[in-house]
Amino acid sequence: MIGEDIRASVFRDTTRLYLEYPQHIVAPPLIRFVRKYASGRILDLGCATGNYCLHLKGLGYDIAGADIQPEYVRIAKSRGVEAFLIENGVPLPDRSFDTVLLFEVLEHLPDPAAVLREARRLCRGTVLLTTPHSGDIDALRAQGLLFEHFADMDHKNFFTQESLETLLRAEFTNVKVWKGNGINPLGLFPLAPVRFAGKVAARLHLIPPAFYFRLYAVAHV
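Residues numbered from 1 in each chain as written. Predicted model: local features only at pLDDT ≥ 70, side-chain atom pairs only at ≥ 80, totals over all residues. Heavy atoms only, no water.

### A word on the overall build of the protein
Of the regular secondary structure elements, the protein holds 8 helices and 7 strands. Classification of the 221 residues of the protein by burial places 43% in the buried group. Pairs at least 24 residues apart make up 71% of the contacts formed inside the protein by residues separated by at least 6 positions. Accessible surface computed for the protein: about 12,100 Å², of which carbon and sulfur atoms make up 57%. (Helix = DSSP H or I, 4+ residues; strand = E, 2+ residues; numbered from the N terminus. Buried < 20%, exposed > 50% of the residue type's maximum accessible area, 1.4 Å probe, protein only. Contact = heavy atoms within 4.5 Å. Areas by Shrake-Rupley, 256 points an atom, 1.4 Å probe, with all protein chains shown as cover.)

### Some words on the state of the cysteines
According to the stated counting rule, one finds 0 disulfides in the structure shown. Looking at Cys53, it has no disulfide partner, and the nearest cysteine sulfur is the one in Cys47, 5.0 Å off. (Disulfide = S-S within 2.5 Å.)

### Quick word on the nonpolar core
Counting residues in hydrophobic clusters, the biggest one holds 30 residues, and the most contacted among them are Val100, Leu102, Leu106, Val127, Leu129 and Leu168. It is helix 5 (residues 112-122) that provides the largest number of residues to this core, a total of 4 residues. Apart from residues lying up to four places away in sequence, Leu129 is in contact with Phe33, Leu102, Leu106, Leu116, Leu168, Leu215, Tyr216, Ala217 and Ala219. Ile42, Leu56, Ile63 and Tyr216 belong to the second-largest nonpolar core, a separate cluster that totals 23 residues. (Core = buried A, V, L, I, M, F, W, Y, C linked by side-chain atoms within 4.5 Å.)

### Overview of the pattern of salt bridges
On inspection of all chains with the given rule, the structure shows 10 salt bridges. Between Asp94 and Arg121 there is a salt bridge, and its shortest N-O distance comes to 2.7 Å. Of this pair, Asp94 sits in the loop between strand 3 (83-85) and strand 4 (97-103) while Arg121 sits in helix 5; the two residues are 27 residues apart in sequence, bridging distant segments of the chain. Between Glu171 and Arg120 there is a salt bridge, with the nearest N and O atoms lying 3.2 Å from each other. Note that Glu171 is positioned in the loop between helix 7 (161-169) and strand 6 (174-183) and Arg120 in helix 5, a separation of 51 residues in sequence. Looking at Glu171, the relative accessible area reads 13%, which means it is buried. Taken together, the shared-partner salt bridges in this structure form one network comprising Arg41, Asp62 and Glu82. (Salt bridge = Lys/Arg side-chain N within 4 Å of Asp/Glu carboxyl O.)

### Points about the sheet that holds strand 1 (residues 41-45)
Taken in spatial order, the 7 strands of this open sheet run 3-2-1-4-5-7-6, and their pairing is mixed. At either end of the open sheet lies a strand with only one pairing partner, and these are strand 3 and strand 6. Direction aside, neighbouring strands of the sheet carry axes that sit 20° apart on average. With 6 bridges joining them, strand 4 and strand 5 (residues 123-132) adopt parallel strand pairing. Bridged to Phe103 within strand 5 is Thr130. (Pairing = 2+ DSSP bridges. Axes fitted to C-alpha atoms, helices over the stretch in contact; angles between N-to-C directions.)

### Focus: the side chain of Thr99
Mapped onto the elements of the fold, Thr99 is located in strand 4. With a relative accessible area of 0%, Thr99 lands in the buried category. A polar side-chain atom of Thr99 sits 2.9 Å from the main-chain carbonyl oxygen of Ser39. Residues in contact with Thr99, not counting those within four places in the same chain, are Ala38, Ser39, Arg41, Ile42, Leu43, Cys123, Thr126 and Leu128. (Polar contact = N/O pair within 3.5 Å; in protein donor to acceptor, adjacent residues only side chain to side chain.)

### Some remarks on the packing of aromatic side chains
Evaluation of the coordinates by the stated rule reveals 7 aromatic pairs. In this structure an aromatic cluster arises from ring pairing among Phe33, Tyr37, Tyr52, Phe103, Trp178 and Tyr216. It is Lys176 that lies over the ring of Trp178; its NZ or CZ is 5.2 Å from the centre. (Phe/Tyr/Trp six-rings, centres within 6.5 Å; stacked < 30°, edge-to-face > 60°. Lys NZ or Arg CZ within 6 Å of the ring centre and 35° of its normal.)

### Considerations on the side chain of Thr126
Within the fold, Thr126 resides in strand 5. Classification of Thr126 as buried rests on a relative accessible area of 13%. One polar contact links Thr126 to His220, side chain to side chain, over a distance of 3.3 Å. Among all residues touching Thr126, those that are not within four sequence positions of it are Asp98, Thr99, Val100, Val218, Ala219 and His220.

Right, here's the structure in full:
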């Protein structure tokens, strides 16, 4: 197909992404999220090949993982992760964990509510979630921009802060959802000195973000 290389560089099939993903890579904002809100024994539900399990284990957390992809689970186990294959649910008793993580999972699922119910079953404390933020579409389009997660071919759900909160409140009584990972408006400027000045101003909270890339949620069982 003419231009297939261009299409492949824009549209991503992430169903097997983690087979080639660098095994040491984690997102620092997600680690900070865990350190602020997680406690006790943790389950990374949708752990892929175990990057977050290994990183958090190195920080002293008691953590296990679970995933629906057999190959991911096999790799995670080979790396020393306590990992479980999800087949009709996680093969563990109710309330096995104090904290359950669902990081960048719900957007991939045909029935996200079912996975939330499984997370609630396994959890005796707090469920921590992240998902790409898909709000501000009109404002992004007006700037000639869209977030990269709109190019992921296997994404089935596109959450706004309001739609994610509505989904969570159907399963949990105590829910907080907020936008995070702000995008600096000057970070889009073509001149490097301006981008650097914008980064400094953002760190000093002198200018607010123009857009937000990610949603964070804390749901108490």
